[in-house]
Amino acid sequence: MTDRKIIVKVPASTANLGPGFDTLGMALSLYSWLEMSLPRSGKTVIELHGEGLDGIPLDKSNLIYKVAQLVFAEADIEIPELHIAMYSDIPLTRGLGSSASAIVGALTAANALVGFPLTDDRLFQIATKLEGHPDNVGASLFGGIVVSAWDGERAEKVRLDPHGDLEVLVAIPAFHLATEKARHALPAHIPHADAVFNVGSSSLLVAALASGKLELIKHAMRDRLHQPYRAALIPGMQEILIKATEYGALGAALSGAGPTLLTLVDTNSLRKAELEQFLIQTLGRAGIKAETMWLKPCATGPEITILQGEESGGSLLERIKGEVRA
Ligand code: HSE
């Protein structure tokens, strides 16, 4: 293990997909990379590269370090000092699962470093407890579309293969929205009729995605549990949710807790440029600058590379140079 270096490439994720609050997630073709090994110096070194990562602690209070220690503790192995390097293309606090991807990366890399003592299910349980909901972590860990339920003790899940024609257009506003703040906007109680509405929409959405009936998405990607209450935090959102299908989207939702807006698109659509303009202009009229990105659902979870001996030399940034967005 002493000269082993692990590199994991972990997908971003979108949670909820509209009605499936805290239960539906989909992995996206946007990634973070995490490298983990024993430090040559014998002392912990943590290097973070990527936009918005300044200010994150680089000592043993770092989330990735702490999550890795949970794996070692369960495996009954002591590794107090680690070399950790991370590069992320996933924007922070925008609703694209950056923290879930960091947690999944840390769990997967630490598990690989000590020879895979924990099962993926065990990693899923730990990740769900840490995040407080299984949607983002499930998608980052298993890839594809993950339907999950958590009772506070155990999370169960079914993974679905995303339809080959599904494409994703996200509009990422140029402001941050902490999940905690977006969860604070939610009421303690909702009308029974709204709960029924969401059960119907979410069930129909899962059935539509599982059976490939993409034309049903627009009837199913509707929500009364969280999006209406979060609307005030994201100017322009309501108009996008109501009108995106008129501009060629299969459906639209707030991505996770926001502020990113997500539309599902048939890859064969001839109206992609029109939809992109609609998103940018609608947010623009509401005073919000946003960056759009065309993504695909990512069908797989973390890609793990194990380097040994001489091949483990070189920096993470050099190794992933051709793969990153920037
Ligand atoms: N399901 C969560 C929410 C995702 O909407 O608050 C955010 O991480």
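From a predicted model like this one, the values you see are computed outputs, not experimental measurements.

Caption draft 1: Looking closely at the packing of aromatic side chains. Applying the stated criterion to the full structure yields four aromatic pairs. Aromatic side chains tyrosine 247 and phenylalanine 278 sit 4.1 Å apart centroid to centroid with 5 degrees between the ring planes, which places their arrangement in the stacked category. Of this pair, tyrosine 247 sits in the loop between helix H9 (237-243) and strand S8 (251-254) while phenylalanine 278 sits in helix H10 (residues 272-285); the two residues are 31 residues apart in sequence, bridging distant segments of the chain. A relative accessible area of 27% places tyrosine 247 in the partly exposed class.

Caption draft 2: Layout of the domain arrangement of the chain. Domain parsing of the chain yields domain 1 (4-161 + 298-320) and domain 2 (166-295). Inter-centroid distance (C-alpha atoms) of domain 1 to domain 2 is 26 Å. In this assembly, domain 1 packs against domain 2 so that about 2,200 Å² is buried in total across both faces, 67% of it on carbon and sulfur atoms. The three residues of domain 1 that bury the most area against domain 2 are Pro19, Phe21 and Arg94, which together make up 30% of that side's buried surface.

Caption draft 3: A look at the packing of helix H1 (residues 63-75) against helix H3 (residues 120-131). For the pair H1 and H3, interaxial distance at closest approach is 12 Å and the crossing angle is 135 degrees. When the axes of H1 and H3 are compared, the pair comes out oblique. Considering the relative orientation of H1 and H3, their crossing is right-handed. Between H1 and H3, the residues in contact are Val67, Leu70 and Glu74 and Arg122, Ile126 and Leu130, respectively. By residue class, the composition of the contact of H1 with H3 is four nonpolar, no polar and two charged.

Caption draft 4: Looking closely at the site of the ligand. For the ligand, the full set of nearby residues is Ala15, Asn16, Phe21, Asp22, His133, Asp135, Asn136, Thr179, Arg183, Arg230, Gly256 and Ala257. A distance of 2.5 Å separates a nitrogen atom of the ligand from a polar side-chain atom of aspartate 22. Residue arginine 230 places a side-chain N or O atom 2.9 Å away from an oxygen atom belonging to the ligand. Protein coverage of the free-state accessible area of the ligand, which is 260 Å², stands at 94%. The set of elements that each furnish at least two residues to the shell around the ligand consists of helix H4 (135-142) and helix H5 (179-184). In the shell around the ligand, the residues fall into three nonpolar, five polar and four charged. Residue-level mapping places the shell around the ligand at the junction of two domains, with at least three residues from each of domain 1 (4-161 + 298-320) and domain 2 (166-295).

Criteria and thresholds
- Residues numbered from 1 in each chain as written.
- Predicted model: local features only at pLDDT ≥ 70, side-chain atom pairs only at ≥ 80, totals over all residues.
- Heavy atoms only, no water.
- Phe/Tyr/Trp six-rings, centres within 6.5 Å; stacked < 30°, edge-to-face > 60°.
- Helix = DSSP H or I, 4+ residues; strand = E, 2+ residues; numbered from the N terminus.
- Buried < 20%, exposed > 50% of the residue type's maximum accessible area, 1.4 Å probe, protein only.
- Domains from an automatic or database assignment.
- Buried area = accessible area lost by both parts, 1.4 Å probe.
- Axes fitted to C-alpha atoms, helices over the stretch in contact; angles between N-to-C directions.
- Parallel < 35°, antiparallel > 145°, perpendicular 65-115°, else oblique.
- Left-handed = near helix turned anticlockwise from the far one by under 90°.
- Contact = heavy atoms within 4.5 Å.
- Nonpolar A, V, L, I, M, F, W, Y, C, P; charged D, E, K, R; others polar.
- Near = heavy atom within 4 Å.
- Polar contact = N/O pair within 3.5 Å; in protein donor to acceptor, adjacent residues only side chain to side chain.
- Areas by Shrake-Rupley, 256 points an atom, 1.4 Å probe, with all protein chains shown as cover.

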